[in-house]
Amino acid sequence: MPPTNAENFRLTVLNPGGRDPEQQFRSLPAPGEGAHPPVNFHAFAACTLGAFHRDVRRAIGESTPVLLLLRSDFRTSERALTDLKREGRTVAVSLKETGLHQIAQQLCDPAKLSRFMKIVTNADGCIATTPDAAEIYQRVRSKGDPATVAFIPTPYPIEDQRWDFSVPAAEQSGIFIGTREWDVASRNHFAALLVARELCEETGEPVTVVNLDGYKGRRLLSEFNFRKGKLQLIEKWKAYPDYLRDVARHKIVLQLDRSHVPGQVAGDALLCRIPCVGGDGAIERIAFSKTCGEGKTISEIASTALDLLKNAELRAAVVAESQELARERLSFKAVRSQLAKLFATNA
């Protein structure tokens, strides 16, 4: 794909009938600007200076290729695909929720499964935000061209200095727990808290946990008996930039997630310039391959976390490597090029 074409490529992301705000990305917004931060699926629109819509007619009016998100019972997405193809748009599709447990939950209903198979087969291509989802799409489209399915991770604006939330190492302390869901087995939130308590006892580092479950969450956390003053709670929803500022004050992000999600926790760590330890999301596997949890035991992850907490130079080396890898594969420029290549193949 010639570089000029990649630079001029624009994409419309359509979440038909969804609740996310519609947004035009004529330029990359600074933190706090715009209706939605340029992350997750909004990032695909933002990195191409495209648009994010929930209305099919407005998406058609953009006169650009479309990434159609599959959500809810897929009925609205199926109708949107028909409308877009009737207008001659090139359409790639993606499940909006792409963790392995989320895919399983969505496709256990026969009617939804039937619509999913039909949509994925009839679309021009598929964009998978995890390698695992790419394999699923490829098998559904078994008779199609393999080049019509691409694993393209969600990008992060790491090349934009306005999105650098790093703080001096001397101002960092503690462990930030990346997960917060007790009731999703693959998150392993309970086990992550046990590891964090162990690390806290060995190093004296405080532990920060997001608790949006109110009294119930506090009751559960009290059972861990953290040393007095060592457990810090975030109990109110925060704007994304404020949340990142909180994360950046820590030495590491720790999780034991085994959901094979796209990896926003690791993406947040990239913007904060701190190591992410223990998850197995797509972004962890790309940018934090040495500290991620893929193929590692809990004891191995705990040992890695302990080394990082004790060694500032090691943390700096992990951050430097993650930033280099992210610029190559996860930056807005890198992902824009991948998107342009996929849609050029399927035009």
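Residues numbered from 1 in each chain as written. Predicted model: local features only at pLDDT ≥ 70, side-chain atom pairs only at ≥ 80, totals over all residues. Heavy atoms only, no water.

Enquirer: Now, about the state of the cysteines: what can you tell me, with residues and values included?
Expert: Inspection of every chain in the model, using the stated rule, returns zero disulfides. Cysteine 126 forms no disulfide, and the closest cysteine sulfur to it belongs to cysteine 47, at a distance of 18 Å. (Disulfide = S-S within 2.5 Å.)

Enquirer: So, the sheet that holds strand 12 (residues 276–277): which residues are in play, and what are the values?
Expert: Ordered in space as 10-9-8-11-12, the five strands form an open sheet in which the pairing is parallel. Of all the strands in the sheet, just strand 10 (231–234) and strand 12 have a single pairing partner and so form its edges. Two strands pair when backbone bridges link them, and strand 11 (residues 252–254) and strand 12 are joined in this way by two bridges, in the parallel orientation. The residue bridging leucine 254 from the neighbouring strand is valine 277, located in strand 12. (Pairing = 2+ DSSP bridges. Helix = DSSP H or I, 4+ residues; strand = E, 2+ residues; numbered from the N terminus.)

Enquirer: Lay out helix 7 (residues 131–140) in plain terms, naming residues and giving numbers.
Expert: Asp132, Ala133, Ala134, Tyr137 and Val140 are the residues of helix 7 that are buried. As for helix 7, its buried residues are in contact with strand 5 (91–95), helix 5 (100–106), helix 6 (110–122), strand 6 (125–128), strand 7 (149–151) and helix 12 (282–287). (Buried < 20%, exposed > 50% of the residue type's maximum accessible area, 1.4 Å probe, protein only. Contact = heavy atoms within 4.5 Å.)

Enquirer: For the sheet that holds strand 6, give the residues involved together with the corresponding values.
Expert: The strand order across the open sheet built from seven strands is 2-3-1-4-5-6-7, with neighbouring strands paired in mixed fashion. Two strands lie at the open edges of the sheet, namely strand 2 (23–24) and strand 7, each paired on one side alone. Pairing analysis gives two bridges linking strand 2 to strand 3 (residues 51–53), with the strands arranged antiparallel. From the neighbouring strand, glutamine 23 faces strand 3, where its bridge partner is phenylalanine 52.

Enquirer: So what's going on with the pattern of salt bridges? Residues and values would help.
Expert: In the structure shown here, the tally under the stated rule is 21 salt bridges. Note that lysine 96 is salt-bridged to aspartate 20, the shortest N-O span being 3.6 Å. Placement of the pair is lysine 96 in the loop between strand 5 and helix 5 and aspartate 20 in the loop between strand 1 (12–14) and strand 2, with a sequence separation of 76 residues. A salt bridge links lysine 251 to glutamate 205; its shortest N-O distance comes to 2.5 Å. Pair noted here: lysine 251 is in the loop between helix 10 (240–248) and strand 11 and glutamate 205 is in the loop between helix 8 (189–203) and strand 9 (207–210), with a separation of 46 residues, a long-range link. For the residue pair lysine 251 and glutamate 205, the accessibility class agrees, reading buried in each case. One network of salt bridges, with partners in common, ties together Glu181, Arg187 and Asp257. (Salt bridge = Lys/Arg side-chain N within 4 Å of Asp/Glu carboxyl O.)

Enquirer: Lay out the pairing of strand 10 in plain terms, naming residues and giving numbers.
Expert: The side chains of a regular strand alternate between both faces of the sheet. Note: strand 9 against strand 10, four bridges, orientation parallel. Bridge pairing in strand 10 places valine 207 opposite leucine 231. In terms of handedness, the path from strand 9 via helix 9 (residues 214–222) over to strand 10 forms a crossover that is right-handed. (Right-handed = clockwise from strand over helix to strand, strands pointing away.)

Enquirer: Let's hear about unusual backbone geometry: which residues, and what values?
Expert: With a phi close to 55°, asparagine 40 is a non-glycine residue in the positive phi region. As for its placement among the helices and strands, asparagine 40 is situated in the loop between strand 2 and helix 2 (41–47). You can call asparagine 40 partly exposed: its relative accessible area is 28%. You will see that histidine 260, though not glycine, has its phi angle at about 50°, which is positive. Among the secondary structure elements, histidine 260 is positioned in the loop between strand 11 and helix 11 (264–272). Since its relative accessible area comes to 12%, histidine 260 is described here as buried.

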